Amino acid sequence: MGGFFKMLKEDVNVVFDQDPAARNKFEVVLTYSGLHAIWAHRVAHACYNKRLFFIARVISQISRFFTGIEIHPGAKIGRRFFIDHGMGVVIGETCEIGDNVTLFQGVTLGGTGKEKGKRHPTVKNNALIATGAKVLGSITIGENSKVGAGSVVLHDIPDNSTVVGIPGKVVIQDGKKVRKDLDHHNLPDPISDKLTSMEAEIDELKKELKKLKEGVK
């Protein structure tokens, strides 16, 4: 029991480490919905492990109603887990989250609907997943890795990596840039590509028309 309360205390302390807006513990305990959702999950998960599945689900759904954060009681979550803002966060049943992990609002750690058994992501220690990112399937986000806002990640991500885009691609690994073609000034322009294609087709049509005219003469 002492270890459980120590974990709850760590959940409070990590808010001060991560959120510069946190002023005092009284305010954090009373007003931080991310903290409330984590605490509710700690209790629900303990019930889940004792096969009190109905009670676990009731606790998780009450928490969802009050916080806007949905965490399945079966999800395994490590120490010093921080949800910033948190509205719209969804964490699936078979998720495994390590220590010192941070999630922002709108993050989904979900399934693809095509898998059975382990069907949700594993997020390793010290990872950060930014606003609106979707991490789907039985994949692994490596230690110390970051997922950019709005990204959709469908494949394993190595340790010490930064991922952006739809689908998510590694742009930095071990402090080194991986994909130069993702520089802002080199991003693909679909409108320009379409115009270039149309110009090529027009040129072909002009050549065909010229041949027809020469044939008539």
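Residues numbered from 1 in each chain as written. Predicted model: local features only at pLDDT ≥ 70, side-chain atom pairs only at ≥ 80, totals over all residues. Heavy atoms only, no water.

A. View of the sheet that holds strand β6 (residues 102-104). Spatial ordering of the open sheet is given by β3-β6-β9-β12-β14-β15-β16, a layout of seven strands whose pairing is mixed. Two strands in the sheet have a free side with no partner beyond their single neighbour: β3 (82-84) and β16 (176-177). With two bridges connecting them, β6 and strand β9 (residues 128-129) associate as parallel partners. When the bridges of β9 are listed, Thr102 appears paired with Leu128. (Pairing = 2+ DSSP bridges. Helix = DSSP H or I, 4+ residues; strand = E, 2+ residues; numbered from the N terminus.)

B. Structural context of helix α3 (residues 33-49). Over its 17 residues, α3 runs 24 Å from end to end, which matches the ideal 24 Å to within 8%, given 1.5 Å per residue. Taken residue by residue, α3 has Gly34, Leu35, Ala37, Ile38, Ala40, His41, Arg42, Ala44, His45 and Cys47 as its buried positions. Downstream of α3 by one or two residues, Arg51 has phi in the positive range, about 65°. (Expected span 1.5 Å × (residues − 1). Buried < 20%, exposed > 50% of the residue type's maximum accessible area, 1.4 Å probe, protein only.)

C. Region of interest: unusual backbone geometry. Residue Pro167 follows Ile166 across a cis peptide bond; omega there is -10°. Mapped onto the fold, Pro167 is located in the loop between β14 (161-164) and β15 (169-173). Positive phi values are uncommon outside glycine, yet Asn126 reaches one of about 70°. Take Asn126: its relative accessible area is 37%, and that puts it in the partly exposed class. Phi angles above zero are rare outside glycine, and Asp174 is one such case at about 55°. Structurally, the position occupied by Asp174 is in the loop between β15 and β16.

D. Structural detail: the sheet that holds strand β1 (residues 70-71). The sheet built from five strands is open, its strands ordered β1-β4-β7-β10-β13 with parallel pairing. A single partner strand is all that each edge strand has here, and the edge strands are β1 and β13 (152-153). Here β1 pairs with strand β4 (residues 90-91) via two bridges, running parallel. Along β4, the bridge assignment pairs Ile71 with Ile91.

E. Region of the structure containing the packing of aromatic side chains. The tally for this structure, following the rule as stated, stands at two aromatic pairs. Ring geometry for Tyr48 versus Phe53: centroids 5.0 Å apart, planes at 65°, classification edge-to-face. Take Tyr48: its relative accessible area is 22%, and that puts it in the partly exposed class. A relative accessible area of 35% places Phe53 in the partly exposed class. (Phe/Tyr/Trp six-rings, centres within 6.5 Å; stacked < 30°, edge-to-face > 60°.)

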